[in-house]
Amino acid sequence: MEAERRARLGVTALLVLVGVAITVYAVDQVSKYFVVTTLAEGETVRVLGDVLHWQFVRNPGAAFSFASGMTWVFTILAAGVITFIIWFARRIRSIAWALVFGLLLGGVLGNLTDRLFREPGFGIGHVIDFISTPWMLPAIYNVADIAIVSSMILFMILTIRGVGLDGSRPVRDGDATDAAAPESGREERGGGAPAELARES
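Throughout this description, residue numbers start from 1 for each chain and increase along the sequence as written. Selection of residues for local features in this predicted model requires a pLDDT of at least 70, selection of side-chain atom pairs for listing and counting requires 80 or more, and totals for whole chains, interfaces and linings are taken over all residues. Calculated side-chain values reflect all of the structure's heavy atoms, with hydrogen atoms and water omitted.

Draft legend 1. Local environment of the overall build of the chain. The number of helices and strands found in the chain is 5 helices and 4 strands. Here a helix means four or more residues in a row that DSSP labels H or I, a strand means two or more in a row labelled E, and each is numbered from the N terminus. Moving toward the C terminus, one meets the helices and strands of the chain in the order α-β-β-α-α-β-β-α-α. Partly exposed describes any residue whose relative accessible area lies between the buried limit of under 20% and the exposed limit of over 50%, with all areas from a 1.4 Å probe on protein chains only and scaled to the type maximum. When the 201 residues of the chain are sorted by exposure, 37% land in the buried category. Once local pairs closer than 6 in sequence are excluded, the contacts in the chain between residues at least 24 apart make up 65%. All accessible areas in this document rest on Shrake-Rupley with a 1.4 Å probe, and a residue is counted as covered only by the protein chains that are shown. In the structure as shown, the chain presents an accessible area of about 11,900 Å², 68% of it carried by carbon and sulfur atoms. By definition in these notes, contact holds between two residues if any of their heavy atoms fall within 4.5 Å.

Draft legend 2. Region of interest: the packing of helix α3 (residues 95-117) against helix α4 (residues 143-161). Between the N-to-C directions of two axes lies an angle of 0 to 180 degrees, each axis being a line fitted to C-alpha atoms and, for a helix, fitted only over the stretch in contact. Viewed as axis vectors pointing N to C, α3 and α4 meet at an angle of 155 degrees, and their least axial separation amounts to 8 Å. The orientation of α3 with respect to α4, classified from their angle, is roughly antiparallel. The two elements α3 and α4 cross, and the hand of that crossing is left-handed. Within the contact between the two elements, α3 uses Ala96, Trp97, Leu99, Val100, Leu103, Leu104, Gly107, Val108 and Asn111 and α4 uses Ala144, Asp145, Ala147, Ile148, Ser150, Ser151, Met152, Leu154, Phe155, Leu158 and Thr159. Gly falls in the polar group here, along with every residue not listed as nonpolar (Ala, Val, Leu, Ile, Met, Phe, Trp, Tyr, Cys, Pro) or charged (Asp, Glu, Lys, Arg). Each residue belonging to the contact of α3 with α4 can be placed in one class, and the counts come to 14 nonpolar, 5 polar and 1 charged. Convention used here: angles under 35 degrees read as roughly parallel, angles over 145 as roughly antiparallel, angles from 65 to 115 as roughly perpendicular, and any remaining angle as oblique. Crossings are sorted by hand: turned counterclockwise from the far helix by less than a right angle, the near helix makes the crossing left-handed, and turned clockwise it makes it right-handed.

Draft legend 3. Representation of the nonpolar core in the model. We call a set of buried residues a nonpolar core when its members are Ala, Val, Leu, Ile, Met, Phe, Trp, Tyr or Cys and they connect through side-chain atoms within 4.5 Å of each other. Grouped together as the largest cluster of nonpolar side chains are 22 residues, with contacts concentrated most on Leu17, Ile92, Trp97, Phe101, Leu105, Val108 and Leu158. For this core, the secondary structure elements donating two or more residues are α1 (2-38), α2 (71-88), α3 and α4. Ranked by residue count, the leading element in this core is α3, at 9 residues. Residues within four places of Leu17 in sequence aside, it is in contact with Ala89, Ile92, Ala98, Phe101, Gly102 and Leu105. In terms of nonpolar packing, the next biggest core, distinct from the first, is built from 9 residues, Leu39, Phe130, Tyr141 and Val143 among them.

Draft legend 4. Examining α3 more closely. One less than the number of residues in a helix, times 1.5 Å, gives the span that helix is expected to have. For α3, with 23 residues, the first-to-last C-alpha span of 32 Å sits near the 33 Å given by 1.5 Å per residue. For α3, the N-terminal cap is Ser94; the gap from its side-chain oxygen to the backbone nitrogen of Ala96 is 3.3 Å. Polar contacts, as used here, are pairs of N or O atoms within 3.5 Å; protein pairs need one atom able to donate a hydrogen and one able to accept it. Residues neighboring in sequence count only if both atoms are side-chain atoms.

Draft legend 5. Summary view of the side chain of Thr75. Looking at the element boundaries, Thr75 is found in helix α2. Thr75 gets classed as buried once you look at its relative accessible area, which sits at 6%.

Draft legend 6. Structural view of the side chain of Arg93. Relative to the helices and strands, Arg93 resides in the loop between α2 and α3. Buried and without a salt bridge, Arg93 has Asp166 as its closest oppositely charged side chain, separated by 8.0 Å. In terms of polar contacts, Arg93 uses its side chain to reach the backbone carbonyl oxygen of Arg6, at 3.0 Å. Those residues in contact with Arg93 that lie beyond four places of it in its chain are Arg6, Leu9, Gly10, Ala13, Leu165 and Asp166. Positive residues here are Lys and Arg, negative ones are Asp and Glu, while His and the chain termini are left out of the count. What counts as a salt bridge is simple: a side-chain nitrogen of Lys or Arg found within 4 Å of a carboxyl oxygen of Asp or Glu.

Draft legend 7. Representation of the sheet that holds strand β2 (residues 52-59). An order of β1-β2-β3-β4 is seen for the 4 strands of this open sheet, with the pairing classed as antiparallel. Here the strands that pair on one side only, and so sit at the sheet edges, are β1 (44-48) and β4 (140-141). If DSSP finds at least two bridges between two strands, the strands pair.

Structure below.
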């Protein structure tokens, strides 16, 4: 029964991971297509005043326009991350962890697609960035970047809370004591019954 339960959890987690990755990838690529086909490079469109702008740029570096000029390095790293996630996915039994790796996989795939197939060439293509929130970050980013950062934040939360890949959490000493107390109480009450019967006889 336990093996069957773990198998079902594994299938569910895998479906969540794949579903989240596909959704992130699709939204990322569709939004980039929209930007490339409707905006001129360098053009800025105010969406919500000074809060949110669309600003079309081509980024040869990493997320949030950092480390420009190292495109090949990030292409190789992205391919490595994707390979690791595919290999590691079968171990996940937690929906929360599936969400972490789904967000990461979808985001990495989105930016890797740009690096592989956009100008100036295979493996060194520039990533399409267009989201600008100058009040929050002095950088321009995209949907894939948001997914990657979100996965890192959720990763830290789950790690700090001690949530395992199967969804389990470590039992604290207080919890173990509370759980053991009713058992000991039942033993004491159970142990008293024969003694009472002996006195009556």
